Amino acid sequence: MSFEVETKDILGRVGRIYTRSGVLETPNIFPVIDIKKQELKLDVVKKYFNNIITNSYFIYNIYKSVVSIKNLLGWDGILMTDSGAYQLMRYGTIDVDPDDILKYQAEIGSDIGVMLDLPMDSEESYFGALIKVEETLRRAQRAAELREELGGMLLVGPIQGGVYKDLVARSARRMTSLPFDIYAIGSPTTLLEEYRFDEILDIVLTAKLNMRREAPLHLFGAGHPLILPFAVAAGIDLFDSASYILYARDDRIMLRDRTIRLEDVKTDYLPCSTKLCNKQVSELKEMDKMERTQLIAEHNLAVLREEILEVRQRIYEGTLWEYLEEKARAHRSLYSSLHLLRKFTKLVEEYDPVTHPEASGLLFFSDTALGRPEPYRHRARMRYNYDAPPKQIAIFLKATSKPYNRSWEYIFLNKILICREKIHIFFIDEIFGVVPEEIAEVYPLSQHESWGLLENIYNDILEISRKYQYVIIYGLNIKSKNIINVNKLEEIPRYIRSICSNGTLLS
């Protein structure tokens, strides 16, 4: 298996996974196909996605022999099969051996197969979750040993642990030490059903923190436009979901930022532009139930595809974070998710590319943007890579305009200061902290806006100030024995003259 990453933003990746039936672009979602009850024809699904997932356990139970799954479905695209783990969680037991169902997936022609793991819901006890994690890992070891018998089928290793982060971390470390092609996170379905997206992302990021960096990562059961960009930003490459048809059966219509019930629509037309939305709402309500279900299901697929394409484009542009900011106001748990990313800032910074060729505009920092990787990266570089010039005096300047080295305060000081060769000027930035004058125009240190947010930059200033004999600060008040605070810019030259003339700092 080869996974080629073309471009990245935050932890999101646009890439290609090579299967024996073609190239799978990421991020991507696999619509779930139910061979027992599939209202939407596959030629309709094919208009939106060239990749689907179906349940091999159902096929195993129905046919009791090897069949060609693609001939059975009439499908020539990429096909992924699940092993029956959801049925195992729902009913407690299934009548199939883990080795047999894995080999069966390869024999029926699946391009991507999933080992039979032991999933869990959010109500699982810790002890029960621990047992399931250990048994899943035992089965994973056996599945890895069977790789040579799978005939080129890509193999998925599920990471389990439920809501218990220590178990998720443990499972991620051990599962990704085994030679699977793709790894997956079995998120508790109840979290998805209750829109507890922030808890799901906490699980995803915990797994990402403890797994192999280069491996593709799948999130089971996630299929709503609200969570897709956040999950991609957290490192998810692939999804699967039956949401498009489950919602349609219940007359629920997906939009990019919410779900609406047909019965609650008060306007004549839906606020969208698919085939469904061209019909009057009154006509939809009077339509035959099956016909309406098919129409809504196709609409939902179209919305999911649109969301996936939007996320890919955002990654190319380097504006995925800005897109998350837009979406975060749609639901409380999404707003919490952006704050949650601050807990994983170091991880985000490690994955996020240093430069985004397509991104050149202003960065905007609100209360939810402080977890962005750029400020963390700058501060880390200042701490570990920056060598302060060996000068006698440091001036920390809170300038009022950007770029800082063109601000009137900086120009004013350069005109009136004596002993300039002994002085190094640092700017105080609300987001990035300390910005040396020699890199003040480097993107994005001056190319950003914020709304009066002031991070705790006092430690940053104190750390650099220790390298200088004399320190003058304008715009902030920091108490330290070698620091003098000034309230007026015109006061600075007086202190500089005292140092240069007498070698002492006026009290």
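Chains are numbered independently. Their residues run from 1 in the order of the written sequence. The predicted nature of this model means local features are confined to residues of pLDDT at least 70 and side-chain atom pairs, given and counted, to a pLDDT of 80 or more, with totals for whole chains, interfaces and linings taken over all residues. Working from all heavy atoms in the structure, the side-chain values ignore hydrogens and water.

(A) Main features of the domain arrangement of the protein. Reported domain spans reflect what an automatic or database domain assignment gives. Along its sequence, the protein is organised into domain 1 (3-241) and domain 2 (369-502). Each of domain 1 and domain 2 has a C-alpha centre, and the two are 51 Å apart.

(B) Spatial organisation of the side chain of Ser 407. By definition, any uninterrupted DSSP run of H or I lasting at least four residues is a helix, any uninterrupted run of E lasting at least two residues is a strand, and each is numbered from the N terminus. For Ser 407, the location among the structural elements is in the loop between β15 (393-397) and α18 (408-416). Contacts were defined at the residue level, with two residues in contact if any of their heavy atoms lie within 4.5 Å. Apart from residues no more than four positions distant in its own chain, Ser 407 is found in contact with Ala 399 and Ser 401.

(C) Representation of the packing of helix α9 (residues 197-209) against helix α15 (residues 332-340). Between N-to-C directions, angles cover 0 to 180 degrees, with each direction set by a line fitted to C-alpha atoms, over the stretch in contact for helices. Remark: α9 packs on α15, axes separated minimally by 7 Å, with the N-to-C direction vectors making an angle of 30 degrees. It follows that α9 is roughly parallel to α15 by the angle criterion. Within the contact between the two elements, α9 uses Phe 197, Asp 198, Leu 201, Asp 202 and Leu 205 and α15 uses Arg 332, Ser 333, Leu 334, Ser 336, Ser 337 and Leu 340. Within the contact of α9 with α15, the residues separate by chemical class into five nonpolar, three polar and three charged. Between 65 and 115 degrees an angle is taken as roughly perpendicular, under 35 as roughly parallel, over 145 as roughly antiparallel, and anywhere else as oblique. Amino acids are sorted into nonpolar (Ala, Val, Leu, Ile, Met, Phe, Trp, Tyr, Cys and Pro), charged (Asp, Glu, Lys and Arg) and polar (every other residue, Gly among them).

(D) View of the pairing of strand β6 (residues 78-82). Of all five residues that make up β6, five are buried, and the element is covered over most of its length. Exposure classes here rest on a 1.4 Å probe applied to the protein chains alone. A residue is buried below 20% of its type maximum, exposed above 50%, and partly exposed in between. Burial along β6 is two-sided: the residues Ile 78, Met 80 and Asp 82 and Leu 79 and Thr 81 are all buried. Strand pairing is assigned whenever DSSP detects at least two bridges linking the two strands. Of the strand pairs in this sheet, strand β5 (residues 51-55) and β6 are connected by five bridges, and their pairing is parallel. In the strand pairing of β6, Thr 54 is matched with Thr 81. In this sheet, strand β7 (residues 112-114) lies alongside β6 in parallel orientation, the contact comprising two bridges. The residue of β7 that forms the bridge with Thr 81 is Gly 113.

(E) Region of interest: the sheet that holds strand β8 (residues 154-159). Overall, parallel pairing links the eight strands, which are arranged β4-β5-β6-β7-β8-β9-β10-β11 in a closed barrel. Strand-to-strand twist across the sheet, computed as the mean angle between neighbouring axes with direction ignored, equals 30 degrees. Where β8 meets strand β9 (residues 182-185), four bridges bridge the pair, whose relative direction is parallel. Across the sheet, the residue bridging to Val 156 is Ile 182, located in β9.

(F) Structural detail: the sheet that holds strand β3 (residues 22-26). With antiparallel pairing, the three strands of this open sheet are ordered in space as β1-β2-β3. Of all the strands in the sheet, just β1 (3-9) and β3 have a single pairing partner and so form its edges. When strand polarity is set aside, the average angle formed by the axes of neighbouring strands in this sheet is 10 degrees. Of the strand pairs in this sheet, β1 and strand β2 (residues 12-19) are connected by six bridges, and their pairing is antiparallel. Within β2, the residue paired with Thr 7 across the bridge is Val 14.

(G) Summary view of the state of the cysteines. Throughout, a disulfide means two cysteine sulfur atoms within 2.5 Å of one another. Using the criterion set out here, one finds two disulfides in the structure. Paired through a disulfide, Cys 272 and Cys 277 show a sulfur-sulfur distance of 1.8 Å. Around the S-S axis, the bridge from Cys 272 to Cys 277 shows a dihedral of about -90 degrees and counts as left-handed. For Cys 272, a relative accessible area of 25% puts it in the partly exposed group.

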